[in-house]
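# A structural walkthrough
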Amino acid sequence: MANLTGDPLLELISRDRILPEEHVSGDVHTVSLSILDNTVIRFAMTNAAWYYDNTTNNAGVLHPGELVRSLRRTLNAYPQWAGQLQWTSPGSGRGLARRRGRVCIVYGSAEDQGIELILARSPATLAALVPDNETRLGMNAWCADQFPSAQLLCPTDLALTTPTGYMGKPSACAQITTFACGGVGIALRIAHCLADATTLIQFARHWSMVHSAMVHSQPPPPIAPVFDPALIDSAATGDVDSDTPDPEVIRVSQSLPIIKHDWNSLSPTGSLAISSTTGDVSSEPVAHFMVYLSPEEVQRIWEDASAQVPSGSRISRFDALLAFIWRLIIRARSAKTILGSDPVHMIVTIGVRSRLSPPLPDQFIGSPITLARITLPADAVAASTSTGAVAIRSAVARFTPETVGAFLHDVAHHADPQKYWSAFFRRRLGAYTCWRSLDVYALDYGSGARPPYIDALMPAMDGQRHSVVTSWQDLHVYDIDFGVGAPPRYVDAFIPDMDGCIHIMDAGPSVKGASPASAAGSAGRWYDETYRTPKEMNPVVRREDYEAELEIDVSERRDACQN
């Protein structure tokens, strides 16, 4: 077959739409998405990819035909993803339902779009594209520019990628790629309003469980995702259908550290990466590095930060790790740009599943997230990890059931929930999202092996003057095992090509210690010795900044832990 992708690394075999195995038409459901789902319409797709080696243990387990069969069976529990994502009709209903900018999913009819299924193959071998996990861990740091993330994915056009482009388009896409070595890549992409990272990884885990049971002739696993967006709306304070918001509730909402930038006030280019001082997009070259931190190093970072925390305050190990990275970013930037006491900002993603009253069910699917801002003087961030860690903990702690309920009331009364953007990426800002506790490397599709590499498929962005910190920490991405019996070779986070982007995740199991799967369901936390899993820090920065600041600081900390 001719290469239809235009890239020598990938050949498109087929592009189809598939429906659930037990698809029923005639039982039509129209479900409005939640208040929070509607705020992330403009977010990039939620996506990830797992890359598995071909081993003697998994021969035939990841055959594309079998993966498609198990995918269709898994979709029986996710029928709404095969439906039509579309705008609601303004003016219908009352209150919240009649406001513009609201989205619904229609499914259960003969017109269901199905999800897009792409089958592709690559003439490359996985070994030629990425070192195995143990080799990368031994390097301490690896330049991930070598891995061709974008070139290994066929383009897809999902519903609501543009405001007017949705009818006739799918809401989700799965791609199965076979490699010359017999390895297999499994990629998932979905509209963010239907799935945040937690939901995406939950689906991937369900797919892997179904597939593993099928190929090993085992009973089907129980799968019961909860699709009920109204559970979020019902947690809102007051009456979301009233003509005007409650002033007292709005006052509580406005106490949260959330910023609102009006999309309509952007420059004609619509770029979020324009310098606040020059108006130019930086063209300085950047590089993507993977830096590995052992549990001992994370513990040392936390101990150092905790020793300087004011009496009565506490910080978590993750607060300390995030603040440590933020400090390195600011120090690297200050080397050429004297920020002094000017304010710098960190944008963090807040998941609200456990912050609502009552909390959402464990299997809830959707996109219940928002963004918060931490602001400190640049010199304070650069001088002390503890200062940033305390500020991060303080900001996150303000998101309680009371304040989140008030925030839902506030957003429900917005004339258009997509009008405001809670992050503005410029040289003095950073952002962080979290994929903790999702066990994304635990996907086993029946061969008993885990994927050696998982790609988070994060979007490319225009320019290198802003900082973004994302995290899959505690999502255990290397535990996602489609039955192959070994971890994935690589989990690709698809880090945006921009200065200051940082991604944090489990680095995959080390042969020197227990795998995360062995601790699954235990009382251990991500930093416990029971996991023995190094952490992977993925900075995308100017190469000179990395060599001048981040590499040196991490190396010094590693040496200190070994002494």
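Keep in mind the model is a prediction, meaning the values are calculated, not measured.

Rules used in this analysis
Residues numbered from 1 in each chain as written. Predicted model: local features only at pLDDT ≥ 70, side-chain atom pairs only at ≥ 80, totals over all residues. Heavy atoms only, no water. pLDDT = per-residue confidence, 0-100. Contact = heavy atoms within 4.5 Å. Core = buried A, V, L, I, M, F, W, Y, C linked by side-chain atoms within 4.5 Å. Buried < 20%, exposed > 50% of the residue type's maximum accessible area, 1.4 Å probe, protein only. Helix = DSSP H or I, 4+ residues; strand = E, 2+ residues; numbered from the N terminus. Pairing = 2+ DSSP bridges. Expected span 1.5 Å × (residues − 1). Polar contact = N/O pair within 3.5 Å; in protein donor to acceptor, adjacent residues only side chain to side chain. Salt bridge = Lys/Arg side-chain N within 4 Å of Asp/Glu carboxyl O. Axes fitted to C-alpha atoms, helices over the stretch in contact; angles between N-to-C directions.

### Observations regarding the confidence of the model for the chain
Of all residues in the chain, 70% attain a pLDDT of 70 or more, and the chain-wide mean is 79. Segment residues 266–282: pLDDT under 50, and 34 contacts once partners within four positions in sequence are set aside and those in other chains are kept.

### What to know about the nonpolar core
Residues W326, V348, L356, I374 and L408 are the most contacted members of the largest nonpolar core, which totals 51 residues. Every element with two or more residues in this core is listed here: α7 (295–306), α8 (317–334), β12 (343–351), β13 (369–377), α9 (378–383), α10 (385–397) and α11 (401–412). Formed by 50 residues, the second largest nonpolar core is a distinct cluster that contains V40, A48, L62 and L371.

### Re the pairing of β12
Of all nine residues in β12, seven are buried, a share of seventy percent or more. Pairing between β12 and β13: nine bridges, direction antiparallel. When the sheet's bridge partners are listed, V348 is paired in β13 with A372.

### Details of α10
End to end, α10 covers 18 Å across 13 residues, agreeing with the expected 18 Å (1.5 Å per residue, within 8%). For α10, every residue scored as buried is listed here: T385, S386, G388, A389, A391, I392, A395 and V396. On the buried face of α10, the contacting elements are α7, α8, β12 and β13.

### Looking at the side chain of T74
Position of T74 among the secondary structure elements: in helix α1 (residues 64–74). The exposure class of T74 is buried, given its relative accessible area of 1%. Side-chain polar atoms of T74 contact the backbone oxygen of S70, separated by 2.7 Å.

### Some points on the pattern of salt bridges
Pairing between side chains of opposite charge can happen when the charged atoms of each approach one another. Within this structure, the stated rule accounts for ten salt bridges. We note a salt bridge from D304 to R300, for which the minimum N-O separation is 3.4 Å. Note that D304 and R300 are positioned in helix α7 at a spacing of four residues, about one turn of the helix.

### Comments concerning the sheet that holds strand β5 (residues 103–107)
On the basis of which strands lie adjacent, the open sheet formed by three strands has the order β2-β5-β4 and antiparallel pairing. Across the chains shown, the open sheet's two edge strands, defined by having one partner strand only, are β2 (29–32) and β4 (84–87). Across the sheet, the mean angle from the axis of one strand to that of its neighbour is 25°, orientation sign disregarded. Bridging between β4 and β5 involves four bridges; their strand directions are antiparallel. The residue of β5 that forms the bridge with Q86 is C104.

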